[in-house]
Amino acid sequence: MTSEAVHAGGDPRRLLADARDLARRVRLAQRVTWLPLGVLALVTFGAIPAYRYGHPVVSNCEAVEAGQVCKFWEPAAQFYWLAAVVLAYVVIAGGYLRVARARGVDARVLPYVLTGVALSVVMFAAIAAGAGAWIVRDPQALLDPSTFVQVLFRLLTPTGGIGLALLVLAWLERHVALLLFALGYLAVVLVPINLGWGVHWSGRWEDAPMLVISGGVLLLGSAGFALAQRLRRTW
């Protein structure tokens, strides 16, 4: 390429840098990270009364050495999660599309929404079908499952599905901060980290502590990303 051609067409390195800067600014304009975190935090908090006042269904009991193992299903909570999460992703998609139109950019939220809805449907079907018995064939082992099995069971919960879908959103947005947040959120869900809170609660409140903690993490994340976005706009 001659110097005249470079001068006429512009410096290729400068053009490449400009293109990368434009792509970065478009990605930043597409981000509404606070929205899914805030909406899903509210959904998580809303599950507390569904667990508290729902009536569990116990069936297919099988005797083992230390007692018996039964299929345990909470239809009120599971139907709540299915309906609330699907509605939440519809709200999230609508919010992203509205912001995208206002800013004049594309919204790449559809894969995230479809992933979240698909995970919710699959997990609902798995729980309703008693997937625990498929994962652990020996009923005796269900009384004292291994750490790996416990982590897998927690991953196959609605709160675990939220974390998996957030990983997809972080990949779509090339958002390192969201990736780190999603990994931290999954750590809270899978460990789980409850600091012994609510251990001696009665009256079917045993699920409330972890729901409050995981929902609180999402809510704090929403506030943090919203603040970061506001600060970035003022620079």
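Just above, that's the structure.
Residues numbered from 1 in each chain as written. Predicted model: local features only at pLDDT ≥ 70, side-chain atom pairs only at ≥ 80, totals over all residues. Heavy atoms only, no water.

Student: Looking at this structure, I do not really get the nonpolar core. What am I missing?
Tutor: Grouped burial of nonpolar side chains is what soluble globular proteins tend to show. Core analysis: the biggest nonpolar cluster contains 41 residues, and Tyr112, Leu166 and Leu218 have the highest contact counts within it. For this core, the secondary structure elements donating two or more residues are α3 (34-53), α4 (75-103), α5 (110-128), α9 (158-173), α10 (176-190) and α11 (208-234). With sequence-adjacent residues up to four places away left out, Leu218 is seen in contact with Leu37, Leu40, Ala41, Thr44, Ile162, Leu166, Phe181 and Tyr185. (Core = buried A, V, L, I, M, F, W, Y, C linked by side-chain atoms within 4.5 Å. Buried < 20%, exposed > 50% of the residue type's maximum accessible area, 1.4 Å probe, protein only. Helix = DSSP H or I, 4+ residues; strand = E, 2+ residues; numbered from the N terminus. Contact = heavy atoms within 4.5 Å.)

Student: It is not clear to me how the packing of helix α8 (residues 147-155) against α10 should be interpreted in this structure. Could you clarify?
Tutor: When two helices pack together, their arrangement is given by the angle between the helix axes and the distance between those axes. For the pair α8 and α10, interaxial distance at closest approach is 9 Å and the crossing angle is 115°. Two packed elements cross with a definite hand, and for α8 against α10 that hand is right-handed. For the pair formed by α8 and α10, the contact residues are Val151, Arg154 and Leu155 on the first element and Leu186, Val189 and Leu190 on the second. Taken together, the residues of the contact of α8 with α10 break down into five nonpolar, no polar and one charged. (Axes fitted to C-alpha atoms, helices over the stretch in contact; angles between N-to-C directions. Left-handed = near helix turned anticlockwise from the far one by under 90°. Nonpolar A, V, L, I, M, F, W, Y, C, P; charged D, E, K, R; others polar.)

Student: Would you explain unusual backbone geometry in this entry?
Tutor: What is expected of a backbone is that most residues other than glycine have negative phi and most peptide bonds are trans. Positive phi, normally seen in glycine, also occurs at Arg174, with a value near 50°. Tracing the backbone through its elements, the reader meets Arg174 in the loop between α9 and α10.

Student: Which parts of the structure should I look at to understand the packing of α9 against α10?
Tutor: Here α9 crosses α10 at 170°, and the two axes come no closer than 9 Å. Between α9 and α10, the angle is such that the two are roughly antiparallel. In contact with Thr159, Gly160, Ile162, Gly163, Leu164, Leu166, Leu167, Leu169, Ala170 and Glu173 of α9, α10 contributes Leu178, Leu179, Phe181, Ala182, Leu183, Tyr185, Leu186 and Val189. Of the residues belonging to the contact of α9 with α10, the class tally is 14 nonpolar, three polar and one charged. (Parallel < 35°, antiparallel > 145°, perpendicular 65-115°, else oblique.)

Student: Any chance you could explain the packing of aromatic side chains here in plain terms?
Tutor: One pass over the full model with this rule turns up three aromatic pairs. Here the aromatic rings of Tyr80 and Trp81 are separated by 6.0 Å at their centres, their planes lie at 65°, and the arrangement is edge-to-face. Relative accessible area serves as the criterion here: at 23%, Tyr80 is assigned to the partly exposed category. Ring plane angle 80° and centroid distance 5.4 Å describe the contact between Tyr89 and Tyr112, whose orientation is recorded as edge-to-face. Residue Tyr89 is found in helix α4, and its partner Tyr112 is found in helix α5; the two are separated by 23 residues along the sequence. Just as Tyr89 is buried, Tyr112 falls in that class too. Positioned above the aromatic ring of Trp171, the side-chain terminus of Arg174 is 5.4 Å from the ring centre. (Phe/Tyr/Trp six-rings, centres within 6.5 Å; stacked < 30°, edge-to-face > 60°. Lys NZ or Arg CZ within 6 Å of the ring centre and 35° of its normal.)

Student: Mind showing me how you'd approach a nonpolar patch on the surface here?
Tutor: Among the surface-exposed residues, Val176, Leu179, Leu180 and Leu183 lie close enough to one another that they form a single nonpolar patch of about 370 Å² accessible area. By the secondary structure assignment, Leu180 is in helix α10. With a relative accessible area of 57%, Leu180 lands in the exposed category. (Patch = residues over 30% accessible without salt bridge, like charges linked within 9 Å, V, L, I, M, F, W, Y side chains within 5 Å. Areas by Shrake-Rupley, 256 points an atom, 1.4 Å probe, with all protein chains shown as cover. Salt bridge = Lys/Arg side-chain N within 4 Å of Asp/Glu carboxyl O.)

Student: Can you help me understand empty space enclosed by the protein in this one?
Tutor: Picture a little ball the size of a water molecule; that probe, rolled over the atoms, points out where space is still empty. Scanning the entire structure with this criterion turns up three cavities of 30 Å³ or more. One number sums up the size of the largest cavity: a volume of about 80 Å³. Lining the largest cavity are Gln78, Trp81, Leu82, Val85, Ser120, Met123, Phe124 and Pro158. Breaking the lining of the largest cavity down by element, the ones donating at least two residues are α4 and α5. (1 Å grid on protein atoms, 1.4 Å probe; cavity = no way out; pocket = protein on both sides within 12 Å on 5 of 7 lines; lining within 4 Å. Points joined across faces, edges and corners; volume = space filled by probe spheres on them.)

Student: What's the story with the side chain of Glu74 in this structure? I'm lost.
Tutor: Mapping Glu74 onto the fold places it in the loop between β2 (67-73) and α4. For Glu74, a relative accessible area of 12% corresponds to the buried category. Once residues lying within four places of it in the same chain are set aside, the contact partners of Glu74 are Tyr51, Pro56, Arg204 and Asp207.

Read these as layout, nothing more, since geometry by itself doesn't imply function.
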